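Listed below, chain by chain, are the residues.
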Amino acid sequence: MSLLVVETDPGAATSLADQFNELGYPLLSASNLSAAVRICDHAHPELIICDRFEWSEELASQFRYIPVALASSELSPDLLFKALQAGLADVWQLPGKATDFAERVAIVLGRFKAVAGQLETRLDQFVRDLKRDQRAGRHVQLGMLPPNPMAIDHYRLRHRIVPSLILSGDFVDYFRIGERYFAFYVADVSGHGASSAFVTVLLKNFSRRLRREYRRSMMKNPGQILEWLNNELLDQHMDKHVALLIAVCDLKDDSIRIANAGHYPPMAFVGSGEARFLELTGKPIGLFDTVSYDILTLKPAAGDRLVTFTDGVLNLLPDGDLAAKERVLLKAVEENDSLSGLWQALELADGDDAHGPDDVTCLMVSKES
C-alpha cells in the first residue's frame, strides 16, 4: 500500500510525511498540485492526504477511484461542510499523533474498499442482466432471419452473420413476392449493439409489408423499394441510417434487378467461373429526404452466383489499401462456391467467440440447373 502526501510546507515540524515515514508506510510525496496529479497518473496510490482544501477538491474530482483526506490545522464547520460536498473521504485535524493517523488510514481504506466491493457486485449483476437481455434479443434476431439455406424455384440462397457484439446491426432477408418474384437484401445499420439491432426489427417488418403492399412497378425497379424504405425510416426519427443492397428476381424471364443504397463492398457476380464486381452507387437510406437509384439487370445462367459482404469483412482482411482488399475478396469469391469454403479462404473466424470490430455478413445466391 502506498500513500501520497501533498504538503505545501514539507519542512514544517508537524510534517505529515515524517509521521507516516515513522509508521513505515510506503510513501510518495508532492509539494504542489501538478506534481500530485503526475504521481496519481503513474503510481496510482491507494490514499491521498493533502493539507490544502482546494487541492484536495481537485484531486478528488480527477481521481474518483482514490480516496482523498484533507489534513488541516484550521478546521471549521464551513470547511467540514465543503469537504463533504467535495466528496472527500475524511478530514483530519493537525497537528495529530502518528498512531491516530494510522487508525484513520485504516478506517478510510476499509470504508472505501467496502464501497468499492458493493459497486463491483452491482456492476457484475448489471453485466449479467445485460448479457441475459442481449442473448434474449439475439434469440429474437435469429428468429427473424430466413431459412438457411433456402431454395426458391431454381435458386439457392445462403447467408452467414457474425456479430461484433451479441446483437447485430447487420440483417439479411429473402422471400417470395407472389408466384412470379422473390426479393433478397443485405442491410448494414449504422453503429453497433442494441440501438442498431432495433432497426433490424423494423427491416423485418418492412419485408412483411413489402410482400403485401408492393406495386408491380417495384418489381421492375427495386430502387422504388429503397425510396419507400427511406421515407419509412425518416418518419421513425431513429437517427440511424442503413446501407442496403436489394435485388428482385423475376422467375418468369429469369432476370435479377439490383439497386444499391450505399452498400460497400460491391456485390460480386461469378459467371462462367470468373468474378467481377457490380458497380452500383446510391445514397444510404435514412439520411436524405430525396433519393433515387440506378438499376442493374442480370440474366444469370446455371452455375452463376451473386455474393455480397457487409463492410465489416474489410477490417478482417490483411493490411493493405481498399483496392488490395477488394482483389483478395474477389479471388476468394471466384474460387469458392460455398460459404464454409469462402470463410476458410478469407481466414475469417466463426462461432460464438468470433467477434471482430464490426459485424460481418455474407449472402450468396446461386442459380442451379
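Below or above, wherever it landed, is the structure these notes cover. In this text the structure is predicted, and so the values were computed from the model without any measurement.

### Structural notes on the sheet that holds strand β6 (residues 150–152)
- Strand order in the open sheet formed by 6 strands is β6-β7-β16-β15-β12-β13, with antiparallel pairing between adjacent strands. The open sheet is flanked by β6 and β13 (274–278), the only strands paired with a single partner. Each strand axis lies, on average, 20° off the axis of its neighbour in the sheet, ignoring direction.

### Some details on the packing of helix α2 (residues 33–43) against helix α3 (residues 53–62)
- In the contact formed by α2 and α3, the axes pass within 11 Å of each other and the chain directions differ by 25°. Here α3 runs roughly parallel to α2, going by the angle between their axes. α3 is crossed by α2, and the crossing has right-handed handedness. On α3, the residues touching L33, A36 and V37 of α2 are W55, E58, L59 and Q62.
- Grouping the constituent residues of the contact of α2 with α3 by class yields 5 nonpolar, 1 polar and 1 charged.

### Let's talk about the sheet that holds strand β4 (residues 68–72)
- Judged by pairing direction, the sheet is parallel, and its 5 strands sit side by side in the order β2-β1-β3-β4-β5 without closing on themselves. Each having just a single partner strand, β2 (27–30) and β5 (90–93) make up the two edges of the open sheet. Geometrically, the sheet is characterised by an average inter-axis angle of 20° between neighbouring strands, direction not taken into account.
- As judged from the 3 bridges shared by strand β3 (residues 47–50) and β4, these two strands associate in the parallel manner. Among the inter-strand pairings, I49 is bridged to a residue of β4, identified as A69.

### Quick look at the pairing of β5
- Going residue by residue along β5, you find D90 and W92 tucked away on one face and V91 and Q93 left uncovered on the opposite face.
- Relative to β5, β4 runs parallel, the two being bridged by 4 bridges. Bridge pairing in β5 places S72 opposite Q93.
- Read as a crossover between parallel neighbours, the route from β4 over helix α4 (residues 77–85) to β5 is right-handed.

### Here we look at the packing of aromatic side chains
- In total, this model carries 7 aromatic pairs according to the counting rule given.
- Consider the rings of F171 and Y185, whose centres lie 6.3 Å apart with planes at 45°: the pair is tilted. In this pair, F171 is assigned in strand β8 (residues 170–177) and Y185 in strand β9 (residues 181–189), connecting sequence segments 14 residues apart.
- Here F171 falls in the buried class, since its relative accessible area comes to 1%.
- The ring of W343 carries the charged tip of R160 above its face, separated from the ring centre by 5.0 Å.

### Let's talk about α2
- Within α2, the full set of buried residues consists of A35, A36, V37 and C40.
- For α2, the secondary structure elements touched by its buried residues are β1 (3–6), β2, β3 and α3.
- Trailing α2 by a residue or two, H44 shows a phi angle of about 55°, which is positive.

### Here we look at empty space enclosed by the protein
- Enumeration according to the criterion identifies 4 cavities of 30 Å³ or more in this entry.
- Of the volumes computed, that of the largest cavity is approximately 50 Å³.
- Along its surface, the largest cavity is lined by F175, Y185, L203, F206, S207, L210, I225, L229, L244 and I246.
- The set of elements that each furnish at least two residues to the lining of the largest cavity consists of α6 (193–213), α8 (223–236) and β10 (242–250).
- Per-class residue counts for the lining of the largest cavity are 9 nonpolar, 1 polar and no charged.
- Of all elements in the fold, only α5 (98–144) and β8 reach the threshold of two or more residues within the lining of the second largest cavity.
- Here the element with the most residues in the lining of the second largest cavity is α5; it accounts for 4 residues.
- Looking at side-chain class alone, the lining of the second largest cavity contains 5 nonpolar, 3 polar and 2 charged residues.

### Details of the pattern of salt bridges
- Counted under the stated rule, the structure contains 10 salt bridges.
- Between K220 and D250 there is a salt bridge, with its nearest N and O atoms 3.1 Å apart. Separated by 30 residues along the polypeptide, K220 in helix α7 (residues 216–220) and D250 in strand β10 bring together distant segments of the chain.
- When its relative accessible area of 35% is taken as the criterion, K220 is described as partly exposed.
- According to the relative accessible area criterion, D250 is buried, its value standing at 0%.
- Sharing partners across several salt bridges, the network here consists of R209, R212, E213 and E232.

Thresholds, definitions, all that
- Residues numbered from 1 in each chain as written.
- Predicted model: local features only at pLDDT ≥ 70, side-chain atom pairs only at ≥ 80, totals over all residues.
- Heavy atoms only, no water.
- Pairing = 2+ DSSP bridges.
- Helix = DSSP H or I, 4+ residues; strand = E, 2+ residues; numbered from the N terminus.
- Axes fitted to C-alpha atoms, helices over the stretch in contact; angles between N-to-C directions.
- Parallel < 35°, antiparallel > 145°, perpendicular 65-115°, else oblique.
- Left-handed = near helix turned anticlockwise from the far one by under 90°.
- Contact = heavy atoms within 4.5 Å.
- Nonpolar A, V, L, I, M, F, W, Y, C, P; charged D, E, K, R; others polar.
- Buried < 20%, exposed > 50% of the residue type's maximum accessible area, 1.4 Å probe, protein only.
- Right-handed = clockwise from strand over helix to strand, strands pointing away.
- Phe/Tyr/Trp six-rings, centres within 6.5 Å; stacked < 30°, edge-to-face > 60°.
- Lys NZ or Arg CZ within 6 Å of the ring centre and 35° of its normal.
- 1 Å grid on protein atoms, 1.4 Å probe; cavity = no way out; pocket = protein on both sides within 12 Å on 5 of 7 lines; lining within 4 Å.
- Points joined across faces, edges and corners; volume = space filled by probe spheres on them.
- Salt bridge = Lys/Arg side-chain N within 4 Å of Asp/Glu carboxyl O.

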